[in-house]
Each structure stands twice: as C-alpha cells, then as structure tokens.
Amino acid sequence: CLLSRGLGDVYKRQDMALLPDGSDHHTFEMRFALSPIVKDGIFSQFPGIERVITPIKGNGLHLAFETSEVTVPLHQSHRFDTGLTPVGSLVNGPIEVVNVMARRSDWDILECGITDTIAMERLPGDLVFAFALTGDVPVRVGSEAVTLALHDAVIATGAGDVQLVRADHQQVLFAHLRRVAG
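Asker: Help me understand the packing of aromatic side chains, please; the structure alone is not making it clear to me.
Answerer: Ring pairs (aromatic) are described by centroid distance and by the angle formed between their planes. Counting across every chain of the model gives four aromatic pairs. Aromatic side chains Phe 32 and Phe 129 sit 4.3 Å apart centroid to centroid with 15 degrees between the ring planes, which places their arrangement in the stacked category. Here the residue Phe 32 occupies a position in strand S3 (residues 30-37), and Phe 129 occupies one in strand S13 (residues 126-132), the gap between them amounting to 97 residues. Accessibility assignment for this pair places Phe 32 and Phe 129 in one class, buried. Between Phe 43 and Phe 80, the aromatic rings sit 6.0 Å apart at their centres with planes inclined by 80 degrees, giving edge-to-face as the arrangement. Here Phe 43, found in the loop between strand S4 (41-42) and strand S5 (49-57), pairs with Phe 80, found in strand S8 (residues 78-81); they are 37 residues apart in sequence, far enough to count as distant. Each residue in the set Phe 43, Phe 65 and Phe 80 is aromatic and connected to the rest through ring pairs, giving one cluster.

Listed below in structure tokens is the structure:
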C-alpha cells in the first residue's frame, strides 16, 4: 500500500505508519517516521523497541550512549535499543531523519539502509518498507507497479517479490522486517 504522497518539505514530524492500525506511540509494533532534529537533546525512550535512524538531510548526528559514542553521517544508518536514550548532538546544523522502529518481541529488522537496487522475495510474515529519497522511483510489488515521488513511501506485507530497478540517481531507504516466531 502507498503510505504517503508529497510530504515534501512541509512536515514537522510525520509518522508515515504506526502498525498495527489503531496503535499509538505507546502500543505500536512498528513505526516509520520522518523527523526533523533541530537541536541537541536526549532521545525519547521506547522500552523494548529497536530503532534504525538514518539522516537524509543535513550533516549527520552524533549519539552519546552511557558506554559508547557514534557519529551517524548523512545517508548512513545506525541501529540501537531505544531504551538506552542517547544524547543526540547535531553535526553542523539541523538534520532530517527517517526512523524505522520495531518492538523486538514482535518484529526483527533484518536490514535497513539506503540503496538504489532492490530485488528480493518476501516470505509469509515479512514486511518491506521503501521511502523515496529521490523522485520518480519505480517500485514493483508482486504484479503491482508504482512510481514513488520524493518522500513517498510504500509498505508491502506477506509473500511475494519486491523490485526497484536501478536507475540513475534514484535512491530509497529500504527496510526488511520479519515477524518474530512465537
């Protein structure tokens, strides 16, 4: 399903999806969000949630955890336990990030990052998220083809194939999640 159209630069914080339907910031199993970070500060705590954060605009983000530190450059992804509440420091000005978040007891984030090519087969229980970092990104989910505009997103669930045919200068943030057996 196509999640969002034409968010462009007008958003403040955009939850592209909180799943399952009807969930909120306390009850979600998965969250996909586009967020600006305009000042240094402590990250919100979401116990039991794994987060992959990817700066998509600006110069990156420095994260200081209790026992370690990491700098996440533009277009790189970093995965961490949101129960750790790092202090985030901007690297030379405001940034925008995409957050992919999943409740560890329900979902495993198998991969998440920026790519220009996707060719994969989803298994039953899989979920794929693709967020367009450029415009006119052709994505095929099963037999359905869609062209994503800048900042459009698509989610595909269940068994089937997903393809992004490589084209010049077209990129998506891609996440592949699998339901935890249990």
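Now that the structure is up, let's keep going.
Asker: What should I look at first to understand the layout of surface pockets in this one?
Answerer: Once rolled over the atoms, a probe with the size of a water molecule shows which space is left empty. There is about 370 Å³ of room inside the largest pocket. Around the largest pocket, the lining comprises 19 residues; the ones closest to its centre are Pro 36, Ile 37, Phe 43, Ser 44 and Arg 51. Sorting the residues of the lining of the largest pocket by element identifies S3, S4, S5 and strand S10 (95-103) as the ones contributing at least two each. It is S3 that contributes the most residues to the lining of the largest pocket, four residues altogether. The residue makeup of the lining of the largest pocket, split by class, is eight nonpolar, six polar and five charged.

Asker: What am I meant to see in empty space enclosed by the protein here?
Answerer: Following the criterion strictly, the structure yields one cavity of 30 Å³ or more and no others. Its volume calculated, the largest cavity comes out at about 30 Å³. Lining of the largest cavity is provided by Val 128, Val 139, Val 141, Val 154, Ile 155, Ala 156 and Val 162. The biggest single contributor to the lining of the largest cavity is strand S16 (residues 153-157), with three residues. In the lining of the largest cavity, the residues fall into seven nonpolar, no polar and no charged.

Asker: I keep staring at the nonpolar core and nothing clicks. Help me out?
Answerer: Across soluble globular proteins, you tend to see nonpolar side chains buried next to one another. If you look at the biggest cluster of nonpolar residues, it comprises 23 residues, and the most contacted ones within it are Phe 32, Val 98, Val 100, Phe 129, Phe 131 and Leu 177. At the level of elements, strand S2 (14-19), S3, S5, S10, strand S11 (107-115), S13, S16 and strand S18 (172-179) are the ones that each hand at least two residues to this core. Counting residues in hydrophobic clusters, the runner-up holds 15 residues, among them Ile 118, Ala 132, Val 146 and Leu 164.

About the criteria used
Residues numbered from 1 in each chain as written. Predicted model: local features only at pLDDT ≥ 70, side-chain atom pairs only at ≥ 80, totals over all residues. Heavy atoms only, no water. Phe/Tyr/Trp six-rings, centres within 6.5 Å; stacked < 30°, edge-to-face > 60°. Helix = DSSP H or I, 4+ residues; strand = E, 2+ residues; numbered from the N terminus. Buried < 20%, exposed > 50% of the residue type's maximum accessible area, 1.4 Å probe, protein only. 1 Å grid on protein atoms, 1.4 Å probe; cavity = no way out; pocket = protein on both sides within 12 Å on 5 of 7 lines; lining within 4 Å. Points joined across faces, edges and corners; volume = space filled by probe spheres on them. Nonpolar A, V, L, I, M, F, W, Y, C, P; charged D, E, K, R; others polar. Core = buried A, V, L, I, M, F, W, Y, C linked by side-chain atoms within 4.5 Å.

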